[in-house]
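What follows is the residue order along each chain.
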Amino acid sequence: ARTVMTYIAKKCGICFQPPSIILIYREDNKDKTRQRIMPVRNFSKFSDCGLAAEQLKNNPQHKAYLEGVSLRQLKKLYSLLKGHLGGESLAESLEKFRQEEAIDPEEDMNKLDDKELAKRKSIMDELFEKNRKKKDDPDFIYDIEVEFPQDEQLESCGWDMESGEEI
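Let me sum up the structure you'll find in this document.

Cut-offs and rules
- The residue count restarts for each chain, going from 1 along the sequence in the order it is written.
- Local features in this predicted model are restricted to residues of pLDDT 70 or higher, and side-chain atom pairs are both shown and tallied only at a pLDDT of 80 or more, whereas totals for entire chains, interfaces and linings draw on every residue.
- Based on all heavy atoms of the structure, the side-chain values leave hydrogens and waters out of the count.
- Pairing between strands requires that DSSP locate at least two bridges from one strand to the other.
- By the criteria applied, helices consist of DSSP H or I runs no shorter than four residues and strands consist of E runs no shorter than two, each listed in order from the N terminus.
- All axes here are fitted lines through C-alpha atoms, helices being fitted over the stretch that makes contact, and every angle between N-to-C directions spans 0 to 180 degrees.
- A contact between two residues is defined here by any heavy atoms of the two lying within 4.5 Å.
- Stacked, tilted and edge-to-face are the three classes applied to pairs of Phe, Tyr and Trp rings, where Trp contributes its six-membered ring and a pair requires centres within 6.5 Å; stacked means planes under 30 degrees apart, edge-to-face means over 60, and tilted covers the rest.
- For the exposure calls, accessible area comes from a 1.4 Å probe over protein chains only, and a residue counts as buried if that area is under 20% of its type's maximum, exposed if over 50%, partly exposed in between.
- Only when the NZ of Lys or the CZ of Arg is both within 6 Å of the ring centre and within 35 degrees of the ring normal is a charge said to sit over the ring.

Taking strand neighbours across the sheet as the criterion, the three strands line up as S1-S2-S3 in an open arrangement whose pairing is antiparallel. With one partner strand each, in any of the chains shown, strand S1 (7–15) and strand S3 (33–39) form the two edges of the open sheet. For this sheet, the mean inter-axis angle between neighbouring strands, taken without regard to orientation, is 25 degrees. The pairing of S1 with strand S2 (residues 20–27) spans eight bridges and is classified as antiparallel. Note on S2: the bridge partner recorded for Ile8 is Arg26. Across the sheet, helix H2 (residues 71–85) touches S1 and S2, and the angle it forms with S1 is around 15 degrees.

Set out below in C-alpha cells:
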C-alpha cells in the first residue's frame, strides 16, 4: 500500500528561459520547502493558454503537486509565456491579462455567450473567495451591525408602493 503524499503549494511562477512553470511547495508532514520545475513543451505564441493549463494540471506527473494551484493562475502564467514568445514585455503581458480578467460592472451579462459568462462567473467567484472573511481570520468579527447614513431622502421604487389591487 502506497501512502498518498499531500503537497501545499506556496508559490507558483514562470521561467521564460527555458520555458517552465516553477512551483514552491511544502510536503504536508515535513517542514522542508521544495521547488518543482515543470518544463513547458510544445507551446508557442499561437497556443491556447486554457488548454495548456488544463493539460498541465491533469498531467499524472504533476497533478498531486498542482492541487493547490488554481487553473486561472496556471492560465495566467501561460498567457505571460505566450506574450513573451510574441515579443511583449512582462508589463505589457500583465496589463493585457488584467484587462481580459477585469469585470465591467456596466456590462450586460445577459448578452454574453455561455463560455464568456462562465469565465466572468469564475473570476467573480475567485475574487469573492479572496476577499471573504473566514472564521479563523484574525480580523473576523461574528455579528457586524452597520448603520447607514440617512442624509438624503430615500428614493421610492414603483414595486414597493402600496397598491389597492390584491394579487
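Here the focus is the packing of aromatic side chains. This model, assessed by the stated rule, comprises four aromatic pairs. Geometrically, the ring pair formed by Tyr7 and Tyr25 is edge-to-face, given 5.4 Å between the ring centres and 90 degrees between the ring planes. Residue Tyr7 is located in strand S1, and its partner Tyr25 is located in strand S2; the two are separated by 18 residues in the primary sequence. By relative accessible area, Tyr7 is classed as buried at 16%. Their ring planes at 20 degrees and their centres at 4.1 Å tell us that Tyr7 and Tyr65 sit as a pair that is stacked. Here Tyr7, found in strand S1, pairs with Tyr65, found in the loop between helix H1 (49–58) and H2; they are 58 residues apart in sequence, far enough to count as distant. Side by side, Tyr7 and Tyr65 carry an identical accessibility label, which is buried. Among the aromatic residues, those joined into a cluster by ring pairs are Tyr7, Tyr25 and Tyr65. Lying over the aromatic face of Tyr65, Arg36 brings its terminal NZ or CZ to 3.9 Å of the ring centre.

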